[in-house]
Amino acid sequence: YATLLKGFASVGDSTRALALQKEMLAHGVQMNVVAYTALISACASAGETEVAARVLDDMSRVGCRPSAQTYSALIRGHCLKGEMAEALSAFRKAVAGGLRR
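A quick note: this is a predicted structure, and the numbers were derived from the prediction, not measured. (Residues numbered from 1 in each chain as written. Predicted model: local features only at pLDDT ≥ 70, side-chain atom pairs only at ≥ 80, totals over all residues. Heavy atoms only, no water.)

Chemist: Sorry if this is basic, but what is going on with the side chain of His-78 here?
Modeler: By secondary structure assignment, the location of His-78 is in helix H5 (residues 68-80). Once you skip the residues sitting within four places of it in the chain, His-78 turns out to touch Thr-49, Glu-83, Glu-86 and Ala-87. (Helix = DSSP H or I, 4+ residues; strand = E, 2+ residues; numbered from the N terminus. Contact = heavy atoms within 4.5 Å.)

Given below as structure tokens:
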């Protein structure tokens, strides 16, 4: 599943990535940090930074710790849209969560 999510992320296909996540969960497959990061990247690449931020929140809520790559995917999406305040906020959240600068 993670490889497919990465593929959807590489082409910015958030719709199919989100559908695959639903399929995974319906089949009892748990998301891991790699899968969540790919999903966030797919959403952010498609310009859906609000969706990407919600996925990050969901990830944290279920106890899956985001990596530096996870935050980087979200921050990159914000920067591409010119959402610099949101990018800085995500960076600060990463640092507050224990990720190093």
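Chemist: Can you help me understand helix H2 (residues 14-26) in this one?
Modeler: Residue pairs spaced three or four apart in an α-helix point in one direction, given the helix's 3.6 residues per turn. Taking 1.5 Å of rise per residue, 13 residues should cover 18 Å, and H2 covers 18 Å from first to last C-alpha, within 8% of that figure. Residues of H2 that are buried include every one of Ser-14, Ala-17, Leu-20, Gln-21 and Met-24, and no others. All buried residues of H2 fall inside an arc of 120° around its axis, so they share one side. Exposed side chains of H2 directed beyond 90 degrees from the buried face belong to Thr-15, Arg-16, Lys-22 and Ala-26. Of the surrounding elements, those touching the buried residues of H2 are helix H1 (2-10) and helix H3 (33-45). Gly-28, located one to two residues past H2, shows a positive phi value of around 75°. (Expected span 1.5 Å × (residues − 1). Buried < 20%, exposed > 50% of the residue type's maximum accessible area, 1.4 Å probe, protein only. Arc of directions from axis to C-beta.)

Chemist: Sorry, what's going on with the state of the cysteines here?
Modeler: Covalently bonding the sulfur atom of one cysteine to the sulfur atom of another cysteine gives a disulfide. Under the criterion given, the structure shown has zero disulfides. Looking at Cys-43, it has no disulfide partner, and the nearest cysteine sulfur is the one in Cys-64, 15 Å off. Relative accessible area serves as the criterion here: at 0%, Cys-43 is assigned to the buried category. Its relative accessible area of 13% is what places Cys-64 among the buried residues. (Disulfide = S-S within 2.5 Å.)

Chemist: Just checking my understanding: could you explain the packing of helix H4 (residues 49-61) against H5 for this structure?
Modeler: When two helices pack together, their arrangement is given by the angle between the helix axes and by the axis-to-axis distance. Running from N to C, H4 and H5 cross one another at 160°; their axes reach a closest spacing of 9 Å. As the angle between them shows, H4 and H5 are arranged roughly antiparallel. When you trace H4 past H5, the crossing you get is left-handed. Residues Thr-49, Ala-52, Ala-53, Leu-56 and Met-59 of H4 form the contact with H5, whose participating residues are Thr-70, Tyr-71, Leu-74, Gly-77 and His-78. Looking at side-chain class alone, the contact of H4 with H5 contains six nonpolar, four polar and no charged residues. (Axes fitted to C-alpha atoms, helices over the stretch in contact; angles between N-to-C directions. Parallel < 35°, antiparallel > 145°, perpendicular 65-115°, else oblique. Left-handed = near helix turned anticlockwise from the far one by under 90°. Nonpolar A, V, L, I, M, F, W, Y, C, P; charged D, E, K, R; others polar.)

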